[in-house]
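Chain and residue survey
Here is what each chain is made of, one letter per residue.
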Amino acid sequence: MPDPNGFLRYPRRLPARRPVPVRISDWREVYPPAGEELIREQATRCMDCGIPFCHDGCPLGNRIPDWNDLVRTGNWDAAVASLHATNNFPEFTGRLCPAPCEAACVLGIGGGDPVTIKQVEVEIADAAVARGGLRPVPAPVPSGRSVAVVGSGPAGLAAAQQLARAGHAVTVYERDDALGGLLRYGIPDFKLEKHHIDRRVAQLAAEGVEFRTGVDVGVDVTAEQLRARHDAVLLACGALAGRDVPETPGRRLRGVHQAMEHLVAANRVVAAAGEGRPALAVRPDGTPIDAAGRHVVIIGGGDTAADCLGVAHRQGAAGVHQLDLYPRPPHDRDEARDPWPTWPWILRSYPAHEEGGERVFAVAVQEFVDDGTGQVRAVRVAEVTVEKRDGRRIVTALPGSERELPADLVLLAIGFDGTEEQALLGQFGARRNARGAVDARPDWQAADGVFVAGDMHRGASLIVWAIAEGRAAAAAVHAYLGGAGTLPAPVDPATQPLAAFARP
């Protein structure tokens, strides 16, 4: 049984981040590996409480108390097996997921310190590599059925692995030149070094998955051709349509860009450097989008904005302001607003914030200011209040609060409007709904024989939801193909995150 006093004997601790002056001089991950003693100590804090609410916080249904206790007792091989039983890619989630499981940990009740679930997960995943590598698990008998997976992000790769292990012939189509979706070119290396993706791709290839990069489905190959080649199709193309502010004066000035354009360009430079090739941070049309020596303004307060902040530091920005429409959140959970074990609205500071820059809350951009040549030179902001009325957001500027912030480069990190409008949607008989996502029937089909999963179905969400939907959609594809037995399906198309009921 677990140690009932572990949480009393050990405080919550994380491994120290690499020093700021060191880490902003390269693109390596911020966190170094944690020592085995630290991780065993932190796993010992898990009480294996009678009702593990962490399971409800995580859509994958990870067996968190099980593998915590296995780490506590030093049974690493069993911990690796337990973790992989529900999660295809724990080295991704452990590095990138904001950990709703920790928000639901019983130790967090009343402002306590939850178990460092995410860090233990990372160390188990890394132990799998260190203790013999990621062993392929090929299917013993082929099914004779074929599946096309469109998109190689976490949802597509999770579905591909599940289906290949069930014996189906799986081909993954990716329009980019490398696999991984946003993991590859959207997430900076200081959060996820790309060798983690390469290891998983190698494992999937050894399990029989075929990969076709540089193929834009709907353009380079039609839906009709794909349907003729395969018995089923799974669409997992993500939610990459960036939210914009076309009504704001000056939006079309040079130097005002979508955040993902900046992140993709920076990632391509890092990838080229790793291959010994020179490259510049530019948009696809060749427009420079580098923060070096520039005053940068990042609009948005979430993960994408923090990623842009970290990239700007490493590129050598002259200064950075990060703007958030909402007031500064509290440091602690407001039980009246977000009762445990739901996801709380609190101030979240990322490693990038410790590296520099200034966060400005409760402001909105009124104008992107022209320098007289069509290039942005500043943003004019005003302090604002935000109210919700009849489901609509009402933003009111406070008179006399306007001021200018210098800006040579402005990055819009204000969210996503669902999956992109693209040729494959109409060809497959799918369409975007009012949220820009693609609806699925209860059996995950968007059209007969065409399944959809991940952000393309849910809208921009967490990596754990993408993997959970990929696994669940794979189970539906397997059933559709008449496969023997059943595959794990942790969620259904209507499943929503843990939330409190609204009071009448």
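Everything here concerns the structure above.
First, a word on what this report is: a plain description of the structure on this page. This is a predicted model, so every value here is computed, not measured. (Residues numbered from 1 in each chain as written. Predicted model: local features only at pLDDT ≥ 70, side-chain atom pairs only at ≥ 80, totals over all residues. Heavy atoms only, no water.)

1. Details of the packing of aromatic side chains
- For the coordinates displayed, the defined rule picks out 4 aromatic pairs.
- Aromatic pair F53 and W340: ring centres 4.8 Å apart, planes at 65°, arrangement edge-to-face. In this pair, F53 is assigned in the loop between α3 (36-44) and α4 (54-57) and W340 in the loop between β7 (319-324) and α16 (351-354), connecting sequence segments 287 residues apart.
- Owing to a relative accessible area of 26%, F53 belongs among the partly exposed residues under this scheme.
- Ring geometry for F89 versus F92: centroids 5.3 Å apart, planes at 35°, classification tilted. There is no split in this pair, since F89 and F92 are both buried.
- Just above the ring of Y185 sits the side chain of R268; from NZ or CZ to the centre is 4.0 Å.
- Over the ring of F190 we find R314, and its NZ or CZ is 4.1 Å from the ring centre. (Phe/Tyr/Trp six-rings, centres within 6.5 Å; stacked < 30°, edge-to-face > 60°. Helix = DSSP H or I, 4+ residues; strand = E, 2+ residues; numbered from the N terminus. Buried < 20%, exposed > 50% of the residue type's maximum accessible area, 1.4 Å probe, protein only. Lys NZ or Arg CZ within 6 Å of the ring centre and 35° of its normal.)

2. Observations concerning the sheet that holds strand β4 (residues 232-235)
- Strands sit in the order β3-β2-β1-β4-β15-β14 across an open sheet of 6 strands; the sheet is mixed. Each edge of the sheet is formed by a strand with only one pairing partner; in this case those strands are β3 (210-213) and β14 (445-447). Along the sheet, successive strands turn relative to each other by an average axial angle of 25°, direction set aside.
- As defined by bridge partners, strand β1 (residues 146-150) adjoins strand β2 (residues 169-174) across 5 bridges and the pair is classed as parallel. Bridge assignment links V147 to a residue of β2, and that residue is V170. (Pairing = 2+ DSSP bridges. Axes fitted to C-alpha atoms, helices over the stretch in contact; angles between N-to-C directions.)

3. A closer look at the sheet that holds strand β5 (residues 256-258)
- Overall, parallel pairing links the 5 strands, which are arranged β5-β13-β6-β7-β8 in an open sheet. Looking at which strands have only one partner, the edges of the open sheet turn out to be β5 and β8 (358-361). Strand-to-strand, the axes of this sheet are offset by a mean angle of 20°, without reference to chain direction.
- Relative to strand β13 (residues 409-412), strand β6 (residues 295-299) runs parallel, the two sharing 4 bridges. Looking at the pairing, I299 lines up with L412 of β13.
- In the packing of helix α14 (residues 259-274) onto the sheet, the strands contacted are β5 and β13, and the crossing angle to β5 comes to about 75°.
- Helix α15 (residues 303-315) contacts β6, β7 and β13 of the sheet and is inclined by roughly 175° relative to β7. (Contact = heavy atoms within 4.5 Å.)

4. Regarding the nonpolar core
- In this structure, W67, V71, I124 and V170 are the most contacted members of the largest nonpolar core, which totals 65 residues.
- Here this core gets 10 residues from one element, more than from any other, and that element is helix α19 (residues 463-480).
- For I124, the residues in contact, after removing those within four places along its chain, are W67, V71, W76, A79, V80 and L83.
- Residues F190, A305, L309 and A352 belong to the second largest nonpolar core, which totals 23 residues. (Core = buried A, V, L, I, M, F, W, Y, C linked by side-chain atoms within 4.5 Å.)

5. Things to note about the pairing of β6
- Burial of β6 is extensive: 4 of the 5 residues sit out of reach of the surface.
- Pairing geometry for β6 and β7, over 5 bridges, is parallel. Directly across from I298, in β7, lies its bridge partner Q322.
- Crossover connection from β6 via α15 to parallel β7: handedness right-handed. (Right-handed = clockwise from strand over helix to strand, strands pointing away.)

6. Regarding the environment of V452
- Along the chain, V452 turns up in strand β15 (residues 450-452).
- The buried category is assigned to V452, whose relative accessible area is 0%.
- A C-alpha to C-alpha distance of 36 Å links V452 and P33, two positions 419 residues apart in sequence.

7. Re the pattern of salt bridges
- Considering all chains together, one arrives at 35 salt bridges under this definition.
- The shortest N-O distance in the salt bridge between K191 and D307 comes to 2.9 Å. One end of the pair, K191, is in the loop between α11 (182-185) and α12 (195-206); the other, D307, is in helix α15, with 116 residues separating them in the sequence.
- Given a relative accessible area of 5%, D307 falls into the buried group.
- In this structure, E355 and R314 form a salt bridge, with 2.9 Å as the shortest nitrogen-oxygen distance. Note that E355 is positioned in the loop between α16 and β8 and R314 in helix α15, a separation of 41 residues in sequence.
- Take R314: its relative accessible area is 10%, and that puts it in the buried class.
- One network of salt bridges, with partners in common, ties together R17, R23, R314, E354 and E355. (Salt bridge = Lys/Arg side-chain N within 4 Å of Asp/Glu carboxyl O.)

Everything listed here is a matter of coordinates, which is why it stays silent on function.
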